[in-house]
Amino acid sequence: MSNKLATKGVPSVTQDNKLIRAAYTMTTLEKRLLLVAMSKLNPMTEVKADKPAPVDRLTISADDWKHAFPHDPKPYQSLARACDGLLGRQWRIDHAEGVYTKYNWLSQCAYNKPKGVVELRFTYDTSLRLHGLKVNFTTLQLHQIGQLSSFNQIRLYELLCQFRRTGYLTISLTELREALDQVDKNPRWADFKAQVLDPSVRAITKQTDLTVTYKPVKEVRRIVGVEFVFRVDQQGELDL
């Protein structure tokens, strides 16, 4: 799994792998705001047993948004819409079948229209997965997801980035559907493939530093998982 922290000056997002594998739903704009906010944190900040994890108030401006997503023609409106929905979003960790824990992403999210900024604060539980990361974490460069146009595309890119060193990911169909917010959508494999997987793989291959192929994993005649094989385009990747 990827465990390489970005150096200073390269906009990047570092998350605990459990957070990347968590199940949650949100809009593309909300996901973008979440990633920009994460890129402002220092994942090297120590979390000590006798002290709480840092829960910083972060400011994200329209200029931050335009820098991360230069092809968005309405950065101010996008920032406002993302702020409106993100506060109510949660992420979930599954412990066993039917046993899980839910956490809120944020404890605060405010939009200032005259200044064109959002101020937000991660919850303590979320902050724990973003600070003091020494093992089992993944770093991705923010500019790599700048042209990905859907939540599914961004989430699949995150999942793949955990395995940049091996270029190989096998994941159960159930976990993949949960990660891509497809538990109750496109129930037929043919629809899931045509509406979600194929467009996401094409977009990631075209717009990021990964070239991706995949095939279904079957047990007898039933599809139970997906095997992804990919390579990293080193020339398209900034030197971290």
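Residues numbered from 1 in each chain as written. Predicted model: local features only at pLDDT ≥ 70, side-chain atom pairs only at ≥ 80, totals over all residues. Heavy atoms only, no water.

Undergrad: Is there a simple way to think about the confidence of the model for the protein in this case?
TA: In low-pLDDT segments, the atomic positions of the prediction should not be examined closely. Overall, the prediction assigns the protein a mean pLDDT of 90, with 91% of residues at 70 or greater. Per-residue pLDDT stays below 50 along residues 1-7; that stretch engages in 26 contacts with residues further than four places along the chain or on separate chains. Predicted confidence for residues 236-240 stays below pLDDT 50, and this span has 16 contacts to residues more than four positions away or in other chains. (pLDDT = per-residue confidence, 0-100. Contact = heavy atoms within 4.5 Å.)

Undergrad: Looking at this model, I keep getting lost on helix H8 (residues 189-207). Mind explaining?
TA: Since one α-helical turn is 3.6 residues long, residues separated by three or four positions face the same way. Taking 1.5 Å of rise per residue, 19 residues should cover 27 Å, and H8 covers 25 Å from first to last C-alpha, within 8% of that figure. For H8, the full list of buried residues reads Trp-189, Phe-192, Val-196, Leu-197, Asp-198, Ser-200, Val-201, Ala-203 and Ile-204. Here the buried face of H8 lies against helix H6 (151-161), helix H7 (173-179), strand S10 (210-219) and strand S11 (222-232). (Helix = DSSP H or I, 4+ residues; strand = E, 2+ residues; numbered from the N terminus. Expected span 1.5 Å × (residues − 1). Buried < 20%, exposed > 50% of the residue type's maximum accessible area, 1.4 Å probe, protein only.)

Undergrad: For this particular structure, what's the right way to read the sheet that holds strand S9 (residues 168-172)?
TA: Read from one edge to the other, the open sheet built from three strands follows the order S9-S11-S10, with strand pairing classed as antiparallel. Strands at the two margins of the open sheet, each flanked by one partner only, are S9 and S10. Neighbour-to-neighbour, the strand axes of this sheet turn through a mean angle of 20°, independent of strand direction. Examined bridge by bridge, S10 and S11 share 10 bridges and lie antiparallel to one another. Following the sheet pairing, Tyr-214 is matched in S11 by Phe-228. (Pairing = 2+ DSSP bridges. Axes fitted to C-alpha atoms, helices over the stretch in contact; angles between N-to-C directions.)

Undergrad: Quick question: what am I supposed to make of the pairing of strand S6 (residues 106-112) here?
TA: In regular strands, side chains alternate between the two faces of the sheet. Pairing of S6 with strand S7 (residues 117-122) involves six bridges; the strand directions are antiparallel. When the bridges of S7 are listed, Gln-108 appears paired with Arg-121. In sequence, S6 turns back onto S7 through a hairpin of four residues, with Gly-116 there showing a positive phi of about 65°.

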